[in-house]
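Now for the letters of each chain:
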Amino acid sequence: EFKSIFSDIGEKHAEERLQEIDNIQGRGGDSDGQLSADEFCEFMMEYMADLTDKGFKERVTTWEEHLRGSHRKLLLRRVFGRMDVDRSRSVSLEEFKAIGEEDVGADNSAAFFKWIEGAVGNSDGELTSDEWVPFVLEQESGSTDEEFHQLVDDWLEILAKKRRNTLLRQVFLKMDADSSGAVDMD
């Protein structure tokens, strides 16, 4: 949500800025990884104190424009956050399969995952939101807002159903030390 006020270039530093704002102690900061309105406003008032009224208004107007243009990104980041069940900030193939099993099957999900990794990823076997979001935006660029919202709603519904199963599968994969696909008593 915080990233949505920045341009694509500015998004790269948004995480650092969020931590910076959130870590300010003694001024309402509580280091919980989320910004309250008070934390945001207090920091930004100080951060932009040297701007003229015109410069301040221009900055806020720019943020508002970015917010209007980033609605789809925000929705996709929500989906990504739900796919990332272990909160590692990346999605493994196992996590990714949960979204695709319903419609295309696990084998096709693996192929789709590898396709994304090859197209925009770094082939490390994990998807980040910076890889997945632009890929989906490009693939869905011709869809209407209504179609896009329906797609996101469908994904969120699938992920809600599959969350516990995905968590259990991750535990199983970690237990399966010899990668045999079965776990013995040891």
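Residues numbered from 1 in each chain as written. Predicted model: local features only at pLDDT ≥ 70, side-chain atom pairs only at ≥ 80, totals over all residues. Heavy atoms only, no water.

1. Digging into the packing of helix 4 (residues 71-83) against helix 7 (residues 129-139)
In a packed pair of helices, the relevant descriptors are the angle between the two axes and the axis-to-axis distance. Going by this rule: Lines fitted to C-alpha atoms define the axes here, with helix axes fitted over just the stretch in contact, and angles between the N-to-C directions of these axes take values from 0 to 180 degrees. Runs of H or I in DSSP of at least four residues are treated as helices and runs of E of at least two as strands, each being numbered from the N terminus. An angle below 35 degrees is read as roughly parallel, one above 145 as roughly antiparallel, one from 65 to 115 as roughly perpendicular, and any other as oblique. Should the near helix be turned anticlockwise from the far one by less than a right angle, the crossing is left-handed, and should it be turned clockwise, the crossing is right-handed. We call two residues in contact when some of their heavy atoms are within 4.5 Å. Three residue categories are used. Nonpolar comprises Ala, Val, Leu, Ile, Met, Phe, Trp, Tyr, Cys and Pro, charged comprises Asp, Glu, Lys and Arg, and polar comprises the others, including Gly.
The geometry of helix 4 relative to helix 7 is characterised by a closest axis approach of 10 Å and an angle of 130° between their N-to-C directions. Put simply, helix 4 runs oblique to helix 7. When the axes of helix 4 and helix 7 are compared, the crossing they make is right-handed. On helix 7, the residues touching Arg 72, Lys 73, Leu 76, Arg 77, Val 79, Phe 80 and Met 83 of helix 4 are Ser 129, Trp 132, Val 133, Val 136 and Leu 137. Per-class residue counts for the contact of helix 4 with helix 7 are 8 nonpolar, 1 polar and 3 charged.

2. Quick notes on the pattern of salt bridges
Formally: In what follows, salt bridge is the name for a side-chain nitrogen of Lys or Arg lying within 4 Å of a carboxyl oxygen of Asp or Glu.
With the rule as written, the count across this model stands at 1 salt bridge. Two residues, Asp 145 and Arg 72, come together in a salt bridge whose shortest N-O distance is 3.1 Å. With a gap of 73 residues between them, Asp 145 in helix 8 (residues 145-175) and Arg 72 in helix 4 connect regions that are remote in the sequence.

3. Describing the environment of Arg 72
Where we set the bar: Using a 1.4 Å probe on the protein chains alone, a residue whose accessible area is under 20% of its type maximum counts as buried, one over 50% counts as exposed, and one in between counts as partly exposed. Identification of polar contacts relies on pairs of N or O atoms within 3.5 Å, with a donor-acceptor requirement for protein atoms, meaning one able to donate a hydrogen and the other able to accept it, and with residues adjacent in sequence counted only if both atoms are side-chain atoms.
Exposure remark for Arg 72: the relative accessible area of 16% places this residue in the buried category. The spatial distance from the C-alpha of Arg 72 to the C-alpha of Leu 137 is 7.5 Å, given a sequence separation of 65 residues. Discounting chain neighbours no more than four positions away, the residues touching Arg 72 are Leu 137, Glu 140, Ser 141, Ser 143, Thr 144, Asp 145 and Phe 148. Within polar-contact distance, the side chain of Arg 72 engages the backbone oxygen of Ser 143 at 2.8 Å. A distance of 3.1 Å separates the side chain of Arg 72 from the side chain of Asp 145, its partner in a polar contact.

4. Here we look at the packing of aromatic side chains
Using the following cut-off: The rule is short: rings of Phe, Tyr and Trp, with Trp giving its six-membered ring, pair when the centres are within 6.5 Å, and they are stacked under 30 degrees, edge-to-face over 60, tilted in between.
Taken as a whole and judged by the stated rule, the model has 6 aromatic pairs. A ring pair is formed by Phe 40 and Trp 63, whose centres lie 6.1 Å apart and whose planes are at 50°; its orientation type is tilted. Within this pair, whereas Phe 40 is found in helix 2 (residues 37-47), its partner Trp 63 is found in helix 3 (residues 53-69), the two being separated by 23 residues in sequence. A relative accessible area of 11% places Trp 63 in the buried class. In textbook terms, an aromatic cluster arises when at least three aromatic residues are bridged by ring pairs, as seen for Phe 80, Trp 132 and Trp 155.

5. Considering the confidence of the model for the chain
Quick reminder of the rule: Here pLDDT means the predictor's own confidence in every residue, given as a number from 0 to 100.
Per-residue pLDDT for the chain has a mean of 79; in total, 83% of the residues score no lower than 70. Per-element averaging of pLDDT across the chain places helix 1 (residues 8-22) at the bottom with 68 and strand 2 (residues 126-127) at the top with 87.

6. Focus on the nonpolar core
Put simply, the rule is: Throughout this description, the term nonpolar core refers to a set of buried Ala, Val, Leu, Ile, Met, Phe, Trp, Tyr and Cys residues connected via side-chain atoms within 4.5 Å.
With 22 residues, the main nonpolar core has Leu 76, Val 79, Met 83, Phe 96, Trp 132 and Trp 155 as its most contacted residues. For this core, the secondary-structure elements that each account for two or more residues are helix 4, helix 5 (93-100), helix 6 (106-119), helix 7 and helix 8. With 6 residues, helix 8 is the single largest residue contributor to this core. If you look at the next biggest cluster of nonpolar residues, it comprises 7 residues, including Phe 2, Ala 14, Ile 21 and Phe 43.

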